[in-house]
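# Architecture at a glance
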Amino acid sequence: LGLGETMEYGCDFVTPEQTIPKRPPRRRGRRVPWEACMTFSGSWGYHRDESSWKTPERCIELLIRAVANGGNLIMNVGPTGRGDLDARACARLQDYGKWMRDHSRSIYGATRAPEGFVAPEGELLTYNPETNRLYLHLLKYPTAPLKLAFAEKVRYAQFLNDFSEIRLNRE
């Protein structure tokens, strides 16, 4: 939907704070654009003694989860009293940069997977409609073969971090 179209549904963007919806938000029966507003820690602004910082893995998962549900992610960064960014926030931003260097194709231009494509338990799917590519995000590396309900539709699979091919067993 374009922003002009969404105004008739009473919003431009739905913006949940500190949560990623399990399903894309709807207004009057139609999906609407949304973006989750999150923080790197428990505080919206700089807090010197803050100790509840999200791990790098959790931050990356929030990004993937937002895209997998058809939305965007906004990570709030509060400056110190001197106007600088806290070193912990800078470290998390660098973590995003490192991860995106190898995995950006699964995020930029991507959205929710088409109907009928369901991720295995505990994993996430993103889809780029322009390139017709489906991305399976392994939140934890599997210790046993993954069973994909849509395996017959996959022609080729590879890891994004090193481009190594993944052999598919279609049994």
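Figured I'd write up the structure that's included with this text. (Residues numbered from 1 in each chain as written. Predicted model: local features only at pLDDT ≥ 70, side-chain atom pairs only at ≥ 80, totals over all residues. Heavy atoms only, no water.)

### Remarks on the pattern of salt bridges
Tallied over the full model, the rule gives five salt bridges. Across the pair arginine 58 and glutamate 61 runs a salt bridge whose closest N-O atoms are separated by 3.6 Å. Of the two residues, arginine 58 and glutamate 61 are both situated in helix H2 (residues 56-68); the distance of three residues between them amounts to about one turn of the helix. For arginine 58, a relative accessible area of 36% corresponds to the partly exposed category. The salt bridge partner of arginine 92 is aspartate 95, with a shortest N-O separation of 3.7 Å. Here the residue arginine 92 and the residue aspartate 95 both occupy positions in helix H3 (residues 87-103), the gap between them amounting to three residues, near one helical turn. (Salt bridge = Lys/Arg side-chain N within 4 Å of Asp/Glu carboxyl O. Helix = DSSP H or I, 4+ residues; strand = E, 2+ residues; numbered from the N terminus. Buried < 20%, exposed > 50% of the residue type's maximum accessible area, 1.4 Å probe, protein only.)

### Focus: the environment of asparagine 128
By the secondary structure assignment, asparagine 128 is in strand E5 (residues 124-128). Between the alpha carbons of asparagine 128 and arginine 112 there is a distance of 8.4 Å; along the sequence they are 16 residues apart. Once you skip the residues sitting within four places of it in the chain, asparagine 128 turns out to touch Arg105, Tyr108, Gly109, Ala110, Arg133 and Tyr135. Separated by 2.9 Å, the side chain of asparagine 128 and the backbone nitrogen of glutamate 130 make a polar contact. (Contact = heavy atoms within 4.5 Å. Polar contact = N/O pair within 3.5 Å; in protein donor to acceptor, adjacent residues only side chain to side chain.)

### Overview of H2
Three- or four-residue spacings in an α-helix give side chains the same orientation, since the helix completes a turn every 3.6 residues. For H2, which comprises 13 residues, the first-to-last C-alpha distance of 18 Å matches the rise-based estimate of 18 Å (1.5 Å per residue) to within 8%. Restricting attention to buried positions, one finds in H2 the residues Cys59, Ile60, Glu61, Leu62, Leu63, Ile64, Ala66, Val67 and Ala68. Buried residues belonging to H2 abut strand E3 (35-39), strand E4 (72-76), H3, E5 and strand E6 (133-137). Looking one or two residues past H2, glycine 70 carries a phi angle of roughly 80 degrees, positive in sign. (Expected span 1.5 Å × (residues − 1).)

These results come straight from atomic positions and should not be treated as a statement about function.
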